[in-house]
Amino acid sequence: MLQRDVGILHPGAMGASVAAQAVAAGARVWWLTAGRSAATRQRAAELGLRSAANLRELAGTCDTVLSVCPPAAALDVAGQVAAAGFRGLYVDANAVSPQRMADITRLFEDGGTTVVDGGITGPPPRETGTTRLYLSGDATAVARVAALFEGTALAAVALDGPIGRASALKLAFAAYNKISYALAAQACALADGHGVLDDLLDLAADALPGTPLAGTERLAGAGPRAWRWEPETREIARAWREAGLPTAFAEAAAETFARWEGHKDDRTVTGARLIADLRRADGGPAT
């Protein structure tokens, strides 16, 4: 099989793990070192990623580029890749609305690039059975992208139909999954304000085991990721608006996550701290 050259933009926790699966399948994976932290550079080296001097070099080297970045940056990243003259398969695997995905596709309308719509569900892929990459768009292009991850911990799933379907599925799942954390936090904050938080947690542990409401240790997991979940829930609101649905659930969740953005990547934050942050009248983090 011909070895593939793949670019990854940008290898954060999820992107790095996705890149690692492509490396495991035999691809040469390239990334951009400029402006990245020492920790990111070390992680990329450990995964066997190859460094490109700039985006134009990456675009000229790779037949496939994967965009795995915060959703608010997805359109800008796609524009930079298009401006760099990339000709190949461009896979946007970000949590964006179908309309945003259409905007991204239009950036490559000159015909030299084929865009594939992607949506990742689950944690960064490290073991089989946990993470899926849904793909939609041109069937031949989708099959080529899926082949990159054959036999790896990232299960590529091809969806019938056009660009937009993978993004819609991703956001539909994320809407339930992530907003449930915001709803649980709001419920805990209400109970805490009336002195019945322990009673609520006891009730939920019995009636709703396995949910974010069943224990503050479960809720705590949302804190380090809130900086990513806030723009993702705004994309969910956008997708609901495009479908003629009410958007208040997603907008309220985004506001909730915004109060936790100061806990970015802080794995020590507790559920009690997150609840305290919600109860502050000014919306800032508790001290």
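All of these numbers come straight from a predicted model, not from anything done at the bench. (Residues numbered from 1 in each chain as written. Predicted model: local features only at pLDDT ≥ 70, side-chain atom pairs only at ≥ 80, totals over all residues. Heavy atoms only, no water.)

## Quick notes on the nonpolar core
- Formed by 33 residues in total, the largest nonpolar core has its most connected members in Cys188, Leu219, Ile236, Phe257 and Trp260.
- Within the residue set of this core, elements represented by two or more residues are helix 7 (165-193), helix 8 (197-207), helix 10 (226-242), helix 11 (248-258) and helix 12 (271-279). (Core = buried A, V, L, I, M, F, W, Y, C linked by side-chain atoms within 4.5 Å. Buried < 20%, exposed > 50% of the residue type's maximum accessible area, 1.4 Å probe, protein only. Helix = DSSP H or I, 4+ residues; strand = E, 2+ residues; numbered from the N terminus.)

## Regarding the sheet that holds strand 5 (residues 89-92)
- Read across the sheet, eight strands follow the order 3-2-1-4-5-6-7-8 without closing on themselves; strand pairing throughout is mixed. In this open sheet, the two edge strands, each paired with only one partner strand, are strand 3 (50-52) and strand 8 (154-158). Each strand axis lies, on average, 30° off the axis of its neighbour in the sheet, ignoring direction.
- Where strand 6 (residues 114-121) lies against strand 7 (residues 131-136), five bridges are found, and the strand directions are antiparallel. (Pairing = 2+ DSSP bridges. Axes fitted to C-alpha atoms, helices over the stretch in contact; angles between N-to-C directions.)

## Things to note about helix 11
- Buried within helix 11 are the following residues: Ala250, Ala253, Ala254, Thr256 and Phe257. With its buried residues spanning 160° around the axis, helix 11 presents them on a single face.
- The elements touched by buried residues of helix 11 are helix 7, helix 10 and helix 12. (Arc of directions from axis to C-beta. Contact = heavy atoms within 4.5 Å.)

## Observations concerning the packing of aromatic side chains
- Summed over all chains, the structure comprises four aromatic pairs.
- Taking the centre distance of 5.4 Å and the plane angle of 75° together, the rings of tryptophan 229 and phenylalanine 257 count as edge-to-face. Remark: phenylalanine 257 occurs in helix 11 and tryptophan 229 occurs in helix 10; sequence separation between them is 28 residues. There is no split in this pair, since tryptophan 229 and phenylalanine 257 are both buried.
- Taken together, a centroid distance of 5.9 Å and an interplanar angle of 55° make the contact between phenylalanine 257 and tryptophan 260 tilted. A single burial state applies to phenylalanine 257 and to tryptophan 260, both of which are buried.
- Among the aromatic residues, ring-to-ring pairing joins Tyr181, Trp229, Phe257 and Trp260 into one connected group.
- For lysine 264, the ring lying beneath its charged end belongs to tryptophan 227, and the centroid distance is 4.1 Å. (Phe/Tyr/Trp six-rings, centres within 6.5 Å; stacked < 30°, edge-to-face > 60°. Lys NZ or Arg CZ within 6 Å of the ring centre and 35° of its normal.)

## Notes on the pairing of strand 5
- Neither face of strand 5 is left uncovered, since the one carrying Leu89 and Val91 and the one carrying Tyr90 and Asp92 both have all their residues buried.
- Note: strand 4 (residues 64-67) against strand 5, four bridges, orientation parallel. Looking at strand 5, one finds that valine 65 is bridged to tyrosine 90.
- A crossover connection joins strand 4 to the parallel strand 5 through helix 4 (residues 74-83); in handedness this β-α-β unit is right-handed.
- Handedness of the crossover joining strand 5 and strand 6 through helix 5 (residues 98-106) is recorded here as right-handed. (Right-handed = clockwise from strand over helix to strand, strands pointing away.)

## Observations concerning the pairing of strand 8
- Pairing between strand 7 and strand 8: five bridges, direction parallel. Across the sheet, residue arginine 132 finds its bridge partner in strand 8, namely alanine 155.
- Considered for its hand, the β-α-β crossover made up of strand 7, helix 6 (residues 139-147) and strand 8 is right-handed.

So yeah, pure geometry; function would need other evidence.
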